[in-house]
Amino acid sequence: MNNLEVLDILYQAFQLALRLAMPFLLTSMIVGVVIAIFQAATQINEQTLTFVPKLLAILAMMGILGSSMLVSLQDFYRSMLSIIAGS
């Protein structure tokens, strides 16, 4: 295995990590902004008010996208095993 193959594997791993994390990060950001606007409009400054909706939104995203994320992780793992076995 040469340096280019290793760099390609790292690039694929970073792309996969970004694809897996981005829905959760975007969901958390959108829910946080909506709750911040609500807090600014009502002048409720409760720090714990943002935690539960973000948690529920992330759990909902995990329920919706969990199986496709697992499939992409399995595909990546299989490709890594085939590269290791081919070396």
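Here the structure is shown first, and the text comes after it.
This structure is a prediction, so every number in the text was calculated from the model and none was measured. (Residues numbered from 1 in each chain as written. Predicted model: local features only at pLDDT ≥ 70, side-chain atom pairs only at ≥ 80, totals over all residues. Heavy atoms only, no water.)

1. So, helix α1 (residues 3–42)
Structurally, the α-helix is built with 3.6 residues per turn, so residues lying three or four positions apart point the same way.
Next, step 1: Compared with the 58 Å implied by 1.5 Å per residue over 40 residues, the 56 Å span of α1 between its first and last C-alpha is a close match.
Next, step 2: The largest bend in α1 is about 35 degrees, located at Ala-21, with the proline Pro-23 one to four residues further on.
Next, step 3: Burial in α1 covers these residues: Ile-9, Leu-16, Leu-20, Pro-23, Phe-24, Thr-27, Val-31, Gly-32, Ile-35 and Gln-39.
Next, step 4: Of the surrounding secondary structure, the elements contacted by the buried residues of α1 are α2 (51–86).
Next, step 5: In this structure Asn-2 caps α1, since a side-chain oxygen of it lies 3.3 Å from the backbone nitrogen of Leu-4.
Next, step 6: Following α1 by one or two positions, Gln-43 has its phi on the positive side, about 60 degrees. (Helix = DSSP H or I, 4+ residues; strand = E, 2+ residues; numbered from the N terminus. Expected span 1.5 Å × (residues − 1). Bend = angle between axes of the 7 residues up to and from the residue. Buried < 20%, exposed > 50% of the residue type's maximum accessible area, 1.4 Å probe, protein only. Contact = heavy atoms within 4.5 Å. Polar contact = N/O pair within 3.5 Å; in protein donor to acceptor, adjacent residues only side chain to side chain.)

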